[in-house]
Amino acid sequence: MNFGTGAVKITPAHDPNDFEVGKRHNLEFINIFTDDGKINSNGGPEFAGMPRFQARVAVKEALKEKGLYRGDKNNEMRLGICSRSNDVVEPLIKPQWYVNCKSMAEQGLDAVINDTNQKMEIIPKQYVAEWQRWLENIRDWCISRQLWWGHRIPAWYAVLEDDELKEVGVYDKQWVVARNEEEAQKEASKKFSGKKFQLFQDPDVLDTWFSSGLFPLSVLGWPDDTEDLRAFYPTSVLETGHDILFFWVARMVMLGMKLGGDVPFRKAGEGNLDPNELKTAKEGQKKDFPKGIPECGADALRFALVSYTAQLWNAIRFAMTKLGDDYSPPAEIVPAAMPFSCQWILSVLNKAISKTVASLDAYEFSDAATAVYSWWQFQLCDVFIEVIKPYFSGNSPAFASARKFAQDTLWLCLDYGLRLLHPFMPFVTEELWQRLPSKKDSVRKESIVISEYPSTVECWSNNGVESDMDMVESVVKSLRSLRSQLAPNERHERRAAFVRCRTNDACDIIKKHELEIATLATLSSLDVLTESDDAPAGCKVDVVNEALSVFLKQQGSINVEAELEKLRKKMEEIQKQCDILQKKTSAPGYQEKVPGHIREVDEAKLASLFQELLSFKEASEHLERESSES
């Protein structure tokens, strides 16, 4: 069979094992053999055309009449059942087309394991052994499939006028292989010169893996010598699954080298879907669709893409309304002069850039996508865009400087963020990036695809600011948790809150960032208390950590018993952690065997847990006092 610039030799053969295996059944076994082991040929014509199940009974009775029946017994075996009609699928030996893969497998193996002239790298390397195992033990490849869909096998059978048997395929030497029927006609005319014949194309189709194995070539216009084929073949990287390393990847490599003259890609990497995401998705799907999803896979994909894309559109829309028509990006950014929230988002953007670039370089595409997504969703959209809204709520002179810095930072985040996301969502990011204002006196690239991919900026990193924001977010999380426990009609109202600090450092940080906490937690007011201050009455309470507790005002009376029960459960969990850590630190040999830096971490963690436990006890005592006073 000729394809393009190379050739794959396909020969007809027989494969008695090429059939589907289904449920296990007991079948009646009939002995119809003579003493020499051959099938008894007495009789036979009377059974021609008889349905097989009737024929079995008739044969059995005929054997009995002739005195040739030896008995029967059950024979347990696997029996194929058609999934559509539930009919028994029985193997029928027939000619099949095979590909001799020996030389192609040798080339594919050499392309990976030849250290002096390696043409393709498999990542991770552990799968090279699997590659070797398959290709070193290669067998002829049966590519015939008896299906109603697929690429028809390009082989035609010539039925000659003087053939004794007219059935298609009965004579192996009367096949011709060609690109189309016209070429087949010409080839047959040469092969059977002077003879009259009629051509019939093989009704079988190619194995799906054969068709998909041609994908790197066919997608670029092969077998025609196209401009795309010359420009882009071979490609760079294939991301795939290890379970189809042979069935698809090896076939692409063998066919690519044979027909395209080179490996179809330089690197082949295992799929990088996060195992936790995969597990969660499977559990959710099984729960929501116990009987499977009825013909709506494309809709599910569209929904996922739309929900993610909506976040980008909303961020850009917010930015455009806050930047204004006359906005011009700054020539340079000096983070040290910016508000706290602006310094923070640039610092975590720097980390997202570093993680994404490192993951892409290591072909860990799932990690790269997760890094970008987490920054966009949980840091830019959920925190930064929310926390800068007070700067734009009016034209207060007090916020004039912060407002300008927030605009500059917002533009910078979108410019870097869209370029960072571009490899994963090329079309949406292109559309959005084109809408961003350009710097004055500078020429922007015509397309995001040819702009520079982001790299880290040293002066953006600020661990101190990130640590402060961690504390802010912890307080906000606890306040939001308390809000969710309110009656439904109270949850959306702004409420007064209090933060009780047990250390001077924590007190200073919370006081500096009252605006950020009040904004993110949707508060009407926020007061910072020290240990010497009395705990506020009429509040729900939660312990953030060993240094901080939060109180949220609520209407009406508090169900003290319910609140105490919540605190007791949290105290039990902390006590368990304390017990486990104490058991570890008091074990024989701990001081001698455990490195000093680990002992220090354990000691600090234990002290923190004890302090947190005391904080919960204080909160419980406060509730009990409030209950007795009322």
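Residues numbered from 1 in each chain as written. Predicted model: local features only at pLDDT ≥ 70, side-chain atom pairs only at ≥ 80, totals over all residues. Heavy atoms only, no water.

Trainee: So, the overall build of the chain: which residues are in play, and what are the values?
Mentor: Secondary structure assignment for the chain yields 20 helices and 21 strands. Taken across its 630 residues, the chain has 40% of its residues classed as buried. Put simply, of all contacts in the chain between residues at least 6 apart along the chain, 75% involve residues at least 24 apart. Accessible surface computed for the chain: about 37,000 Å², of which carbon and sulfur atoms make up 51%. (Helix = DSSP H or I, 4+ residues; strand = E, 2+ residues; numbered from the N terminus. Buried < 20%, exposed > 50% of the residue type's maximum accessible area, 1.4 Å probe, protein only. Contact = heavy atoms within 4.5 Å. Areas by Shrake-Rupley, 256 points an atom, 1.4 Å probe, with all protein chains shown as cover.)

Trainee: I'd like a rundown of the nonpolar core, residues and numbers included.
Mentor: Counting 75 residues, the largest nonpolar core has W376 and L548 as the members making the most contacts within it. For this core, the leading source of residues is helix α13 (residues 400-421), giving 11 residues. Core analysis: the next-biggest nonpolar cluster, separate from the first, contains 44 residues, Y127, V159, Y233 and W248 among them. (Core = buried A, V, L, I, M, F, W, Y, C linked by side-chain atoms within 4.5 Å.)

Trainee: Before we move on, could you go through the pattern of salt bridges and cite the residues and values that matter?
Mentor: Scanning all chains against the criterion turns up 17 salt bridges. Taking the shortest distance from any N to any O, the salt bridge between K125 and E121 comes out at 3.6 Å. Residue classification places E121 among the partly exposed residues on the basis of a relative accessible area of 21%. In this structure, R419 and D415 form a salt bridge, with 2.9 Å as the shortest nitrogen-oxygen distance. One end of the pair, R419, and the other, D415, are both in helix α13, four residues apart, so they sit about a helical turn from each other. On the basis of relative accessibility, which here comes to 11%, the residue R419 falls in the buried class. (Salt bridge = Lys/Arg side-chain N within 4 Å of Asp/Glu carboxyl O.)

Trainee: Account for the packing of helix α2 (residues 102-113) against helix α8 (residues 245-260), naming residues and giving values.
Mentor: It is at 9 Å that the axes of α2 and α8 come closest, and there the two elements cross at 105°. With respect to their mutual orientation, α2 and α8 come out roughly perpendicular. Here M104, A105, Q107, G108 and A111 of α2 come into contact with α8, specifically with V253, M254, M257 and K258. Residues belonging to the contact of α2 with α8 are distributed by class as follows: six nonpolar, two polar and one charged. (Axes fitted to C-alpha atoms, helices over the stretch in contact; angles between N-to-C directions. Parallel < 35°, antiparallel > 145°, perpendicular 65-115°, else oblique. Nonpolar A, V, L, I, M, F, W, Y, C, P; charged D, E, K, R; others polar.)

Trainee: Quick rundown of helix α12 (residues 365-387)? Include the residues and the values.
Mentor: Helix length check: α12 (23 residues) gives 31 Å between terminal C-alpha atoms against 33 Å at 1.5 Å per residue, within 8%. Remark: the principal bend of α12, roughly 40°, maps to L380. (Expected span 1.5 Å × (residues − 1). Bend = angle between axes of the 7 residues up to and from the residue.)

Trainee: Now, about α13: what can you tell me, with residues and values included?
Mentor: Along its 22 residues, α13 runs 31 Å from first to last C-alpha, staying within 8% of the 32 Å computed at 1.5 Å per residue. In terms of burial, α13 is a largely internal element, 18 of the 22 residues being buried.

Trainee: An account of the pairing of strand β18 (residues 495-501) is requested, with residue identities and associated values reported.
Mentor: For β18, the buried fraction is high: seven of the seven residues fall into the buried class. Of the two faces of β18, the one holding R495, A497, V499 and C501 and the one holding A496, F498 and R500 are both buried throughout. Across six bridges, β18 lies against strand β19 (residues 523-529) in parallel orientation. Directly across from F498, in β19, lies its bridge partner D527. The pairing of β18 with strand β21 (residues 548-553) spans five bridges and is antiparallel. Residue A497 lies in a different strand from β21, and its bridge partner there is L552. (Pairing = 2+ DSSP bridges.)

Trainee: An account of the packing of aromatic side chains is requested, with residue identities and associated values reported.
Mentor: By the definition in use, this model includes 13 aromatic pairs. On the numbers, 4.3 Å between centres and 5° between planes, the contact of W134 with F246 is stacked. Here W134, found in helix α3 (residues 128-136), pairs with F246, found in helix α8; they are 112 residues apart in sequence, far enough to count as distant. Owing to a relative accessible area of 10%, F246 belongs among the buried residues under this scheme. With 5.8 Å between their ring centres and 90° between their planes, Y373 and F378 make a pair best called edge-to-face. (Phe/Tyr/Trp six-rings, centres within 6.5 Å; stacked < 30°, edge-to-face > 60°.)

Trainee: Help me get a handle on empty space enclosed by the protein, residues and values and all.
Mentor: For the coordinates displayed, the defined rule picks out two cavities of 30 Å³ or more. What the second largest cavity holds in volume is close to 40 Å³. What lines the second largest cavity is simply R500, R502, A535, V541, S549, F551, E618, A619 and H622. Where the lining of the second largest cavity is concerned, the elements lending two or more residues are β21 and α20 (596-629). (1 Å grid on protein atoms, 1.4 Å probe; cavity = no way out; pocket = protein on both sides within 12 Å on 5 of 7 lines; lining within 4 Å. Points joined across faces, edges and corners; volume = space filled by probe spheres on them.)

Trainee: Give a detailed account of the sheet that holds strand β14 (residues 197-201), specifying residues and quantitative values.
Mentor: Spatial strand order, β13-β12-β14: three strands in an open sheet with antiparallel pairing. Strands at the two margins of the open sheet, each flanked by one partner only, are β13 (175-177) and β14. Within the sheet, the average angular offset between the axes of one strand and its neighbour, ignoring direction, is 30°. Pairing geometry for strand β12 (residues 155-160) and β13, over three bridges, is antiparallel. The residue bridging Y157 from the neighbouring strand is W175, located in β13. Contacts between helix α4 (residues 181-191) and the sheet are confined to β12, β13 and β14, with β14 contributing the most and set at about 140° to the helix.

Trainee: Mind laying out a nonpolar patch on the surface, listing which residues take part and the relevant values?
Mentor: There is a patch of nonpolar side chains on the surface, built from L147, W148 and W149 and spanning about 460 Å² of accessible area. By the secondary structure assignment, L147 is in the loop between β11 (144-145) and β12. With a relative accessible area of 34%, L147 lands in the partly exposed category. (Patch = residues over 30% accessible without salt bridge, like charges linked within 9 Å, V, L, I, M, F, W, Y side chains within 5 Å.)

Trainee: Would you mind going over the side chain of R251 in detail, with residue names and values included?
Mentor: Along the polypeptide, R251 turns up in helix α8. As a buried residue without a salt bridge, R251 has its nearest oppositely charged side chain in D207, at a separation of 4.7 Å. (Lys, Arg positive; Asp, Glu negative; His and termini not counted.)

Worth remembering: the numbers are spatial, not functional.
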